[in-house]
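# Close look at the chain arrangement
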Amino acid sequence: MTTQEIDHSSRRFEVHNPGTGEVVGTFPVHSEERVRAAVDRAREASAWWQSIGYDGRRTRLDAFRGVIARRIQQLAGVINEEMGKPHSDAVLEVAPVLDHLAWAGKHAGKVLGPTRVASGPLAAHLAGKVEYKPLGVVGVIGPWNYPVFTPMGSIVYALAAGNTVVFKPSEYTPGVGAWLVDAFSQVVPEHPVLQLVTGDGSTGAALCRAGVNKIAFTGSTATAKRVMATCAETLTPLVAECGGKDALLVDADADLKAAAEGAVWGGMSNAGQSCIGVERVYVHEQVYDEFAALISAKVADLRAGSDPDAKIGPITMPSQVGVITGHVAEALERGGSVVAGAASTTGQVVQPVVLVDVPEDAAAVREETFGPTLTMRRVRDMDEAVGLANASHYALAASVFSRKSGTEIAGRLRSGMVSVNSVFSFAVLPTVPFGGVGDSGFGRIHGADGLREFCYAHAVVRQRFKPPLALMTFGRTAKAEERLGKIIALVHGGK
Ligand code: NDP
């Protein structure tokens, strides 16, 4: 049975190619009952998935990795068709997922398996052991902008940790979700370890209520609040990967060519529809003019379009076009100007543009624009740049370009991740956690933190021999209490 055959009785929705408007698929809007049934099947499957252990799961995750690697062009075709990014960018999106699959499968046992922990001198009679056990069934709700990389950041780590997963992709990219789930079921045919449910927000809400042990949500901050409220009804825990307004800082000693490349790629690849996309650029006044010239030259070479030669695809969600043009229009009305590209839109195709002199309280600087736009500002020094970068209610990621002080500046930025002398680099390292703070959400995917996110800590403390002082007994003596007092004074009193 393929994932699309699960439900023929439901209302269906159409998926459109954002470049051509053509219908590229129809999928069911799964009802609450269907979602609950999928979660029930996932719960049954979880006993088997847990029983095969870390090695068994690693073998299967490796096989999944092999299928994706061999059919990467086909998967990229589905991404391109449903969300519009250029085919080669879609391949680039999928590639790091293979590394995450390899890392999570290989390291889950080491990170999560039983570990002895120290007892300390006052508890020498006790032996502690900590293990991270899978939660059970994880519901993954994904966005459309990186329809493989983003949900797989949760799916891969949840599966490697021993959970089964029910995945609800965005209604803009259900075909990508179906592809992934079908590919997985080819290498794990025994039980429904990874299942698909499709639909709109109502299906996502049904998943939150369906008895899952955790929801891994990636999407906008506004939707995260709704998801959190729904999860609160059943005390279902949540990891929330939300939006951002990431800043890129250019110091006086930066490699300006690399910084300009980073700003343009970080801000305009994927048509700017990246949660970790660069949206604000703060440049040291000593190098501002040179940097602005480099950026302008780069943006002049870029063109958005729906044709295969365009380096920037169309905007996926029709409603987002109004948000982008609104931010640009307000920025221009409030004194901003265009230094590179053009404020030009045709249908869902938005041309890249760089704005300067935009007030810091304008929407183009404060809110997630999610289009191929950058705001750029001259700063006195990196202290001012750090202050402006941190003055955001979002705090997902950031980038710093500086030859000498990159790491030091990175340490002062309030964000979940920082790239130094590059952009997006943290996303491709399976060893580092990915996630934000503030309005960018909470919890982590990727790395050891990402594995633990889908587990609960299980502590076992074994008494190895009788304690020298019998304290936890109603037969406790005055002498024992006196000795405890002396020990407390000795160990802690001098502090
Ligand atoms: P949305 O918030 O619109 O939707 C995200 C997912 O939530 C979709 O599957 C959506 O379904 C579903 N959903 C909508 N309403 C509900 C509800 N009431 N209950 C449960 N689920 C619901 O985000 P987008 O898909 O537009 O994605 C873009 C956003 O995602 C941006 O803000 C971006 O920054 C953020 N993002 C964050 C990342 C991170 O790791 N921090 C990575 C990638 C993107 P449907 O689409 O069917 O309505």
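For the structure itself, consult the block above.
Quick caveat: nothing in here was measured; it's all calculated off a predicted structure.

All right, on to the overall build of the chain then. Looking only at helices and strands, one finds 16 helices and 22 strands in the chain. Projected onto its principal axes, the C-alpha coordinates of the chain cover approximately 80 × 65 × 40 Å. Out of the 495 residues in the chain, the part that is buried amounts to 53%. Sequence-distant contacts, at least 24 apart, represent 71% of the contacts inside the chain between residues at least 6 apart. Approximately 20,900 Å² of the chain is accessible, and the part contributed by carbon and sulfur atoms is 54%. Within the chain, one finds 48 positive and 50 negative side-chain charges whose respective centroids are separated by 12 Å.

Quick look at the site of the ligand now. Taken together, 30 residues lie around the ligand, and G142, E171, T223, C275 and E368 are the ones closest in. G142 places a polar main-chain atom, nitrogen or oxygen, 2.7 Å from an oxygen atom of the ligand. Here an oxygen atom of the ligand sits 2.8 Å away from a polar atom, N or O, in the side chain of W144. Out of a free accessible area of 900 Å², the ligand has 91% covered by protein chains. Breaking the shell around the ligand down by element, the ones donating at least two residues are α7 (201-209), β8 (214-218) and α8 (221-233). For the shell around the ligand, the element with the highest residue contribution is α7, accounting for three residues. Across the shell around the ligand, the residue classes break down as 13 nonpolar, twelve polar and five charged.

Inspection of the entire model under this criterion finds 19 salt bridges. Its salt-bridge partner being R58, residue D62 comes within 3.9 Å of it at the nearest N-O pair. Taken together, the positions of D62 and R58, both in helix α2 (residues 53-70) and four residues apart, correspond to about one turn of that helix. You can call D62 partly exposed: its relative accessible area is 25%. Ionic pairing is found between R303 and D307, a salt bridge with its closest N-O pair at 2.9 Å.

By secondary structure assignment, the location of G347 is in the loop between β13 (345-346) and β14 (349-350). The spatial distance from the C-alpha of G347 to the C-alpha of P318 is 8.4 Å, given a sequence separation of 29 residues.

The buried count for strand β11 (residues 278-284) comes to seven of seven residues, which makes it a mostly enclosed element. As for the winding sense of the linkage, the β-α-β connection from strand β10 (residues 246-250) through helix α9 (residues 256-268) to β11 is right-handed. Here five bridges tie β11 to strand β16 (residues 373-379), and the two strands are oriented parallel to one another. Along β16, the bridge assignment pairs R280 with T375.

To continue, consider the sheet that holds strand β22 (residues 455-463). Reading across the sheet, the three strands line up as β3-β4-β22 and stay open at both edges, with antiparallel pairing between neighbours. Since the sheet does not close on itself, it has two edges, and those belong to β3 (115-117) and β22, each with one partner. Geometrically, the sheet is characterised by an average inter-axis angle of 30° between neighbouring strands, direction not taken into account. With nine bridges joining them, strand β4 (residues 126-134) and β22 adopt antiparallel strand pairing. Pairing of K133 across the sheet is with Y456, part of β22.

How each quantity is defined
- Residues numbered from 1 in each chain as written.
- Predicted model: local features only at pLDDT ≥ 70, side-chain atom pairs only at ≥ 80, totals over all residues.
- Heavy atoms only, no water.
- Helix = DSSP H or I, 4+ residues; strand = E, 2+ residues; numbered from the N terminus.
- Buried < 20%, exposed > 50% of the residue type's maximum accessible area, 1.4 Å probe, protein only.
- Contact = heavy atoms within 4.5 Å.
- Areas by Shrake-Rupley, 256 points an atom, 1.4 Å probe, with all protein chains shown as cover.
- Lys, Arg positive; Asp, Glu negative; His and termini not counted.
- Charge placed at Lys NZ, Arg CZ, Asp CG, Glu CD.
- Near = heavy atom within 4 Å.
- Polar contact = N/O pair within 3.5 Å; in protein donor to acceptor, adjacent residues only side chain to side chain.
- Nonpolar A, V, L, I, M, F, W, Y, C, P; charged D, E, K, R; others polar.
- Salt bridge = Lys/Arg side-chain N within 4 Å of Asp/Glu carboxyl O.
- Right-handed = clockwise from strand over helix to strand, strands pointing away.
- Pairing = 2+ DSSP bridges.
- Axes fitted to C-alpha atoms, helices over the stretch in contact; angles between N-to-C directions.

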